[in-house]
Amino acid sequence: ELPKNYEGILDHIYSRAIVIDSGSALAALITLDAGGVQDPIWQAVSKQLETELGIPAKNILLTATHSHSVPGQPAGPYTQKIVESVRLAKQRLAPARIGYGTGVSYINVNRNIIDPKTKRWWEGPNYEGPSDKTVAVIKFESLSGEPLAVYYNYAMHGVAAGQLDLVSGDAPGTTSKYIEDSFDDKVVALWSSGAAGDQNPIYFQQTYDLREIRIKDYAKRGQDISNSMPPGGQGLDRKDPTVMKLMNQQKQMILSMGQFLGEEVMHVMRGMDRMESSVKIDGRFKTVTCPGRERTNTGRAGFPGEYKAGNPVDIRLGLLQVGDIMIGAVNAEVFNPIAQRLKKESPYARTMMATLTNGSARSGYIPHDAGFSMYTFEVLSSRLQPGCAESAIVNGILDLMADSGK
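Because the structure is predicted, anything quoted here is derived from the model rather than measured.

Looking only at helices and strands, the chain features 8 helices and 16 strands. Scaling as 2.2 N^0.38, a compact globule of 406 residues should have a C-alpha radius of gyration of about 22 Å, and the chain matches this with 21 Å. Referenced to the eigenvectors of the C-alpha coordinate spread, the extents of the chain come out at roughly 65 × 45 × 40 Å. Accessible surface, the chain: about 17,500 Å² in total, of which carbon and sulfur atoms supply 51%.

What follows is the structure in structure tokens.
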């Protein structure tokens, strides 16, 4: 049942799954077209997969695409649909080889800028800001060389269609669909959310334009929302030709980005020449704790936040090792420099970070240490005190790598 502020379905949403059997251990990679993975859903899914399918919880990565165009779902029937996708994947197990490669895609951009007019922090494309363009790709193919599945990791918010009030998998969903269509639906393509806490689609102007229209509409009613963000779509006259044009352009944009990113994923797949048929699987969990804070003033961005001490914040980390591929996991929205640091310090060249994975921390956004100096909405809303999370995450995942196999 759709919430009342959703007007319909733009495209179908999915639970996609890959099951890996090394002969001695099972693992599951699962991606949901969803804004996030709430703890009750992650707990219910991992428990059922462990009990019914023999996949240890430590070997499960349950990741959200973070599409802003998918309503939240409670556990129950939703959980069963996720489990069923994994059950189908396990039923279709076949002898396979695995390969890894990386490419680049320029459809993401750092989204935190100093506004040239106000001289304050705000949202917009920061071409000079930190932004990892890497697309990490894991390919699974049959022993005869036919592609079976692909797991790809990229750092970008799925927010291009967020103003439409139509259910959509956004750019992550259209990318996977484009890849699957290209292989006549004989391949399952899983998006993995990289460290995108500060990364937006590079082409995002329609959203800014629609926001300005909403600000003016609210101002006519005596409400100033210029430094806040009400629920998407409220205050928009959908019969207005300008609004209709901008919304149609947003629909076009997610298809375009899906094609561009999908083509790069397939380019990387075609270039892989080192494929392995026997790999080690090992998974681990770890929880790190950082000092918390509670904000006491308001305003979306541009001004300093005021805080009081809050409860400590737990952050769940994970690691899934597939051969010499290391997938570090964090259950929150992480700023991009943290993942870049992890890859730099990792002793394994084939390292990536999957965020919004295995539940949801109460941290809010997790900025890197230097990011706390920015008065952006992500930093102001973070429930973390500065100086802890970046090193706790990087060192925590590195510790899991060091402990792997022990």
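Time to look at the pairing of strand β4 (residues 60-64). The buried fraction of β4 is high, at 5 of 5 residues. Here β4 shows two buried faces, one formed by I60, L62 and A64 and the other by L61 and T63.

Our focus in this paragraph is helix α5 (residues 241-270). A rise of 1.5 Å per residue sets the reference length of α5, with its 30 residues, at 44 Å; its end C-alpha atoms lie 44 Å apart and thus fit the reference within 8%. The residue sitting at the N-terminus of α5 and contributing the capping side-chain oxygen is D240; that oxygen lies 2.8 Å from the backbone nitrogen of T242.

What follows covers unusual backbone geometry. Its identity is not glycine, yet K119 carries a phi of approximately 65 degrees, on the positive side. Assignment of secondary structure puts K119 in the loop between β6 (108-114) and β7 (121-126). By relative accessible area, K119 is classed as exposed at 60%. The residue D184 is not glycine, and still its phi comes out positive at about 55 degrees. Relative to the helices and strands, D184 resides in the loop between α3 (170-182) and β11 (188-193). Residue classification places D184 among the exposed positions, given a relative accessible area of 59%.

Let's shift gears to the packing of aromatic side chains. Given two aromatic rings, their pairing is described by the distance between the two centres and the angle made by the two planes. According to the stated counting rule, one finds 5 aromatic pairs in the structure shown. Ring centres of W42 and F285 lie 5.8 Å apart, and the angle between their planes is 80 degrees; this geometry places the pair in the edge-to-face category. Taken together, the residues span a long stretch of sequence, with W42 in helix α1 (residues 39-53) and F285 in strand β13 (residues 281-295) at a distance of 243 residues. On the numbers, 5.9 Å between centres and 90 degrees between planes, the contact of Y152 with W191 is edge-to-face. Here Y152, found in strand β9 (residues 147-154), pairs with W191, found in strand β11; they are 39 residues apart in sequence, far enough to count as distant. Of the two residues, Y152 and W191, neither departs from the other in class, the shared state being buried. An aromatic cluster is present here, built from Y152, Y154 and W191 joined pairwise through their rings. Across from the ring centre of Y218, 4.5 Å away, lies the NZ or CZ of R221, which sits over that ring. Lying across the ring of Y307, R293 places its NZ or CZ 3.7 Å from the centre.

Its location among the elements puts Q385 in the loop between α7 (377-381) and α8 (389-403). For the pair Q385 and Q249, spaced 136 residues apart in sequence, the C-alpha separation works out to 39 Å. Residue contacts for Q385: discarding those within four places in its chain leaves P291, G292, R293, A309 and F372. Within the local environment of Q385, its side chain forms a polar contact with the backbone oxygen of G292, the two atoms lying 2.7 Å apart.

Take the sheet that holds β6 next. If you trace the 3 strands from one edge of the open sheet to the other, you get β7-β6-β12, paired in antiparallel fashion. Looking at which strands have only one partner, the edges of the open sheet turn out to be β7 and β12 (199-201). For this sheet, the mean angle separating the axes of adjacent strands, direction not counted, is 50 degrees.

With that out of the way, let us pick up the pattern of salt bridges. The final tally for this structure, using the stated rule, is 19 salt bridges. A salt bridge links R350 to D324, with the shortest nitrogen-to-oxygen separation between them at 3.4 Å. Highlighted residues: R350 in strand β16 (residues 350-354) and D324 in the loop between β14 (307-322) and β15 (325-330), separated in sequence by 26 residues. Relative accessible area serves as the criterion here: at 26%, D324 is assigned to the partly exposed category. Taken together, the shared-partner salt bridges in this structure form one network comprising R274, E276, D324 and R350.

Definitions and cut-offs
- Residues numbered from 1 in each chain as written.
- Predicted model: local features only at pLDDT ≥ 70, side-chain atom pairs only at ≥ 80, totals over all residues.
- Heavy atoms only, no water.
- Helix = DSSP H or I, 4+ residues; strand = E, 2+ residues; numbered from the N terminus.
- Rg over C-alpha atoms; globule rule 2.2 N^0.38 Å.
- Areas by Shrake-Rupley, 256 points an atom, 1.4 Å probe, with all protein chains shown as cover.
- Buried < 20%, exposed > 50% of the residue type's maximum accessible area, 1.4 Å probe, protein only.
- Expected span 1.5 Å × (residues − 1).
- Polar contact = N/O pair within 3.5 Å; in protein donor to acceptor, adjacent residues only side chain to side chain.
- Phe/Tyr/Trp six-rings, centres within 6.5 Å; stacked < 30°, edge-to-face > 60°.
- Lys NZ or Arg CZ within 6 Å of the ring centre and 35° of its normal.
- Contact = heavy atoms within 4.5 Å.
- Pairing = 2+ DSSP bridges.
- Axes fitted to C-alpha atoms, helices over the stretch in contact; angles between N-to-C directions.
- Salt bridge = Lys/Arg side-chain N within 4 Å of Asp/Glu carboxyl O.

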